[in-house]
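Chain residues, written in single-letter form:
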Amino acid sequence: MKRRHIIFSTLASVAVCAAGPAFSQTASAVSASGYPSRPIRMIVPFPAGGATDILARALSQKLGEKIGQPVIVDNRPGAGGTIGADAASKAAADGYTLLLATSSTHSIGPAINPKIPYNAETDFTPIAYVASSPNIVLVPNSSPAKTMRQFIDYARKNPGRLNYASSGNGTIVHLTSEYFKAQSDTYILHIPYRGTALAMPDLISGKLDVLFDSFVTGMPHVKDGKLRALAVTSLKRTALAPDLPAVAETLPGFESVTWFGVYGPKGLPADLAGKVNQAVNSALADSDVKERFARLGAEPTGGTSQAFAAMVKSDTNKWKKIISERKISAE
C-alpha cells in the first residue's frame, strides 16, 4: 500500500511538471476566483489618528462591504512612511496585504531620499487612486494682496523682503512653496517650522507673509476670519471651496496636491488587482465616504490602475525636477 502511494505521488508530480505554465495559470485562476476568503490587511504607514489613518479607516470600512471581507487597518509609522511602505513591498503578492500610500511615500520621499529601502516604481503594483487634497494659499489679513495676481506682483516688487513658512525641510509645504517661487519668478525667504500649526500665530500676526498650508488645517482659520485665503493648489477649483480660485488660473499648469492611493506588492496578479480596484471605486462612490473625505479636506478620485500609475510617475518627475533645480534636501 505504501509503495503504491509513493508511485502515485511520483506520477502526480511528473504530471504537474509536464503541465508547466498552463497548470500554474489554472491554479492561480482558481485561487483568484475565491478571493478574498479571509480578512485583508491595509498597511497605513503613518500613526493612528492622523489624516492618512482617518481616511484609511473611512475607506476600509466601506471597501470591506464591497469586497466581501473585513479590511483591517495596520498602522506601521516611522521614517516619513518608509517603514510601512517597505513592509508592504515585502509582503506576499496574494491580495491580502494592501498599502495606502501617499505622495510622501511614493513621489516626494523617493525623489528627495534615494536611499529608501524600496523602489517606489518597481516594488509595488498600483491598484487605485483614492483621493487628493490640495493646499490652500494663506496670507495675513494685513497683507495688501487680495488675489493671487496681486500677491505675485507684490512679491516681485519686494524681492527678498517677504517670507513663507513651511512644516520643515523637504515636506510638501516646503516643496510647494519652492515650486510656486519657480513658476512665479519670485524671491521669498523660507522659514521652516516643526509643523504649520506652530507657524499659525506668526502668520496671523503678520510676521509671516504666506503659507501653503493643507486645506483641512488652514481653512478653519479662514472661516474664523483670522486669515485670508487667496487660492487652492489643485489644478482646478475644488468642490471643497468652489469660490476659491486655483493658483493655475494665474499660473497655468500649477498643481500641488497630496494624493492617496492603494498599492499591492509587486507581482500581484492582474485579476486580483482588478477586483480590488473595482471595490475601491465602488466604495468611493458612496455618499458617506465622500462626506467623511470632505471633512478631511480630500476629494475622492478613483479610476483605473493605469491612470493612477501615470499620475504618480508625472508627480514624481515634477518633484524630482523641483528638488534638483532648487537644491532642496531634507536636512
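See above for the structure.
Residues numbered from 1 in each chain as written. Predicted model: local features only at pLDDT ≥ 70, side-chain atom pairs only at ≥ 80, totals over all residues. Heavy atoms only, no water.

What follows is about the pattern of salt bridges. Overall, the coordinates contain 16 salt bridges when judged by the stated rule. Of the charged contacts in the structure, one is a salt bridge between R326 and E178, with a shortest N-O distance of 3.0 Å. Here E178 lies in helix α6 (residues 172–184) and R326 lies in the segment after α11 (305–325), a separation of 148 residues in the sequence. The class of R326 is partly exposed, set by a relative accessible area of 29%. For E178, a relative accessible area of 7% puts it in the buried group. Between E291 and R295 there is a salt bridge, with its nearest N and O atoms 3.3 Å apart. One end of the pair is E291 and the other is R295, both in helix α10 (residues 287–295) and four residues apart, which spans about a single turn. Given the relative accessible area of 48%, E291 is considered partly exposed. With relative accessibility at 54%, the residue R295 sits in the exposed group. Put simply, R41, D74 and R76 are held in one network by salt bridges that share partners. (Salt bridge = Lys/Arg side-chain N within 4 Å of Asp/Glu carboxyl O. Helix = DSSP H or I, 4+ residues; strand = E, 2+ residues; numbered from the N terminus. Buried < 20%, exposed > 50% of the residue type's maximum accessible area, 1.4 Å probe, protein only.)

Let us now look at the side chain of T102. Locating T102 in the fold gives a position in strand β3 (residues 97–102). T102 has contacts with F46, T52, S107, W259 and F260, leaving out every residue within four places of it along the chain. (Contact = heavy atoms within 4.5 Å.)

A separate point is the nonpolar core. Core analysis: the biggest nonpolar cluster contains 48 residues, and I136, V137, L138, M148, F151, F180 and V247 have the highest contact counts within it. By size, the runner-up hydrophobic cluster in this structure holds 33 residues, among which are Y35, V71, A128 and V276. (Core = buried A, V, L, I, M, F, W, Y, C linked by side-chain atoms within 4.5 Å.)

With that settled, the discussion passes to the packing of helix α4 (residues 103–112) against α11. Axis separation between α4 and α11 bottoms out at 8 Å; the angle between their running directions is 35°. When the axes of α4 and α11 are compared, the crossing they make is right-handed. From α4, S103, H106, S107, I108, A111 and I112 reach across to α11, where they touch V312, D315, T316, W319, K320 and I323. (Axes fitted to C-alpha atoms, helices over the stretch in contact; angles between N-to-C directions. Left-handed = near helix turned anticlockwise from the far one by under 90°.)

Glancing now at the pairing of strand β7 (residues 210–214). Of all five residues in β7, four are buried, a share of seventy percent or more. In this sheet, β7 lies alongside strand β4 (residues 124–140) in antiparallel orientation, the contact comprising four bridges. Residue pairing in the sheet places N135 in a bridge with S214 of β7. When strand β5 (residues 163–166) meets β7, the two strands line up parallel, connected through two bridges. Considered in β7, the bridge of A165 is made with L211. (Pairing = 2+ DSSP bridges.)

Within the sequence span of helix α5 (residues 148–157), burial applies to M148, F151, I152 and A155. Summarising the axial view, the buried residues of α5 lie within an arc of 100°, below the 170-degree limit, and thus occupy one face. Along its buried surface, α5 packs onto β4, α6, β7 and β8 (227–232). (Arc of directions from axis to C-beta.)

It is worth spelling out the pairing of strand β2 (residues 71–75) at this point. Inspection of the sheet shows strand β1 (residues 40–44) paired to β2 by five bridges, in the parallel sense. Paired with V44 across the strands is N75, a residue of β2. Once you follow β1 into helix α2 (residues 51–67) and on to β2, the crossover reads as right-handed. (Right-handed = clockwise from strand over helix to strand, strands pointing away.)

On inspection of all chains with the given rule, the structure shows 11 aromatic pairs. Taking the centre distance of 5.2 Å and the plane angle of 50° together, the rings of F180 and F212 count as tilted. On the criterion of sequence distance, the pair formed by F180 in helix α6 and F212 in strand β7 is long-range, its members being 32 residues apart. Residue F212 is classed as buried on the basis of its relative accessible area, which comes to 2%. (Phe/Tyr/Trp six-rings, centres within 6.5 Å; stacked < 30°, edge-to-face > 60°.)

Right, let's talk about unusual backbone geometry for a bit. Of note, the amide linkage connecting Y35 to P36 takes the cis form, showing an omega dihedral of -5°. Residue placement: P36 occurs in the loop between α1 (2–33) and β1. If you check the backbone angles, D185 has positive phi at about 55° while not being a glycine. With respect to the helices and strands, the residue D185 is situated in the loop between α6 and β6 (189–192). Residue D185 is classed as exposed on the basis of its relative accessible area of 63%. With a phi close to 55°, K327 is a non-glycine residue in the positive phi region. Positionally, K327 belongs in the segment after α11.

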